[in-house]
Amino acid sequence: MRGFLTREALGYLRERVAHVWESLHADVQRGWIMNLHQVLAPREENWMWKLGSDPAILEIVRKHYGPNFVFNSSQLLIKPPTSEDASGGKEVQWHQDGQIIRTLWICLDDVDETNGGLVVKPGWHTRGNLRKRVASRPDRCLTGTAQYAAGQRSVPQPGALLKEIDFDAYCAGGREEFEAGTVQYRLQAGDCAMHHPSIPHCSRPNVSTDSWRRVIILRYLPADFPRPRGRFHQNWKNAVLFEKESYLVSGDDVKAQGFLRSPYDDDEVVAAEAAAGAATGEVGEGEGGGVGSSSGGSGEAAGT
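These notes cover the structure that comes with them. Fair warning: this is a prediction, and the values are worked out from it, not measured in the lab.

**As for the overall build of the protein**
Each helix and strand in the protein was counted, giving six helices and 14 strands. Sequence-distant contacts, at least 24 apart, represent 85% of the contacts inside the protein between residues at least 6 apart. About 13900 Å² of surface is accessible on the protein, with carbon and sulfur atoms providing 50% of the total.

Rendered as structure tokens:
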């Protein structure tokens, strides 16, 4: 989708993303800046929530799911130029996003083969879930954990390798044969891309000396998808884990799973509790002014 963002929106989002990147806590995994829409606050400054719930974006998703769906996750995936980071950001291995999830990939910079643009394998979305193996080029690959399991309340060492598609199971010539029929994304800043969740895709490191590759990733699921619980992300400001939530941004909670409509569904409750505390002399201090920073629930495991 060419020119998806207006010039003004592009400039604003670049500014906001730069602030997050420059202020990122040292213990936060730089490849997994997840669910900012839950922890940015107050409401007027939560640009990620405004983007993910924008009517124009919801209308795109509605064409895939119909009226009932949830905003499952947001992610910043930033690959700096080699002048800023010698690695140019890590390679994201060949993988699929599953069968159901819908992902919007919004570019804040021009992207191509020189700065880590997405690569896809056309036609292979019809083959179902492909076999996986441990990544064969671990020194080049993105590591870490997109989300943490129930009870895992401290951050583990972010060295876990993601798995990649097992090329040898499908191509006699292995990786070389598999990659022969791939297509490179070449997009301009402000463009948006959306691909089938089952299509194999990857992204390379940024090998340019001066071109950033900043991407906002938004993910959605149908409202009848089970509402997972006990999944956690790192807070970008302090690396403290908060529980993931999916928000009902369109239609009905068709299975009565208790989806909130926004990170601010509990605003009135919090205001009432604060007023009660002030009346009794008990003052509670909110964390960053945000209600949704640790509100319950989970969604499908994040892809890249």
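**Digging into the packing of aromatic side chains**
Centre-to-centre distance and the angle between the planes together describe a pair of aromatic rings. Within this structure, the stated rule accounts for eleven aromatic pairs. Considering the side-chain rings of W94 and F178, the 5.0 Å spacing of their centres and the 85 degrees angle between planes classify their relative orientation as edge-to-face. One end of the pair, W94, is in strand β3 (residues 92-95); the other, F178, is in helix α5 (residues 174-178), and 84 residues separate them in sequence. Relative accessible area serves as the criterion here: at 1%, W94 is assigned to the buried category. Given the relative accessible area of 0%, F178 is considered buried. Members of the aromatic cluster, each reached through a chain of ring pairs, are W49, Y65, F69, F71, Y220 and Y247. The ring of W21 carries the charged tip of R30 above its face, separated from the ring centre by 4.0 Å. Its end group placed over the ring of W124, R127 keeps NZ or CZ at 3.7 Å from the ring centre.

**Looking at the environment of P138**
Inspection of the secondary structure assignment puts P138 in the loop between β6 (132-134) and β7 (163-165). For P138 and Q93, which are 45 residues apart along the polypeptide, the C-alpha to C-alpha distance reads 9.6 Å.

**Looking at the pattern of salt bridges**
Applying the stated criterion across every chain, the model contains twelve salt bridges. R2 is the salt-bridge partner of D191, the closest N and O atoms lying 2.6 Å from each other. In this pair, D191 sits in the loop between β8 (183-184) and β9 (192-193) while R2 sits in the segment before α1 (7-23), placing the two residues 189 residues apart along the sequence. On the accessibility criterion, D191 (2% relative accessible area) is buried.

**What to know about the layout of surface pockets**
Unfilled space is identified by rolling a water-sized probe across the atoms. What the second largest pocket holds in volume is close to 330 Å³. Take the lining of the second largest pocket: its biggest share by element is three residues, from strand β2 (residues 69-79). Residue classes in the lining of the second largest pocket are distributed as ten nonpolar, five polar and five charged.

**Looking at unusual backbone geometry**
Each neighbour pair has its own omega, and for A41 with P42 the value is 0 degrees, a cis peptide bond. Inspection of the secondary structure puts P42 in the loop between α2 (36-39) and α3 (47-52). Of note, the phi angle at A239 is positive, near 70 degrees, even though the residue is not glycine. Looking at where A239 falls in the secondary structure, it is placed in the loop between β12 (232-234) and β13 (241-243). Residues other than glycine seldom take positive phi values, yet A256 does so here, at roughly 50 degrees. Here A256 is to be found in the loop between β14 (247-250) and α6 (267-280).

Rules of the game
Residues numbered from 1 in each chain as written. Predicted model: local features only at pLDDT ≥ 70, side-chain atom pairs only at ≥ 80, totals over all residues. Heavy atoms only, no water. Helix = DSSP H or I, 4+ residues; strand = E, 2+ residues; numbered from the N terminus. Contact = heavy atoms within 4.5 Å. Areas by Shrake-Rupley, 256 points an atom, 1.4 Å probe, with all protein chains shown as cover. Phe/Tyr/Trp six-rings, centres within 6.5 Å; stacked < 30°, edge-to-face > 60°. Buried < 20%, exposed > 50% of the residue type's maximum accessible area, 1.4 Å probe, protein only. Lys NZ or Arg CZ within 6 Å of the ring centre and 35° of its normal. Salt bridge = Lys/Arg side-chain N within 4 Å of Asp/Glu carboxyl O. 1 Å grid on protein atoms, 1.4 Å probe; cavity = no way out; pocket = protein on both sides within 12 Å on 5 of 7 lines; lining within 4 Å. Points joined across faces, edges and corners; volume = space filled by probe spheres on them. Nonpolar A, V, L, I, M, F, W, Y, C, P; charged D, E, K, R; others polar.

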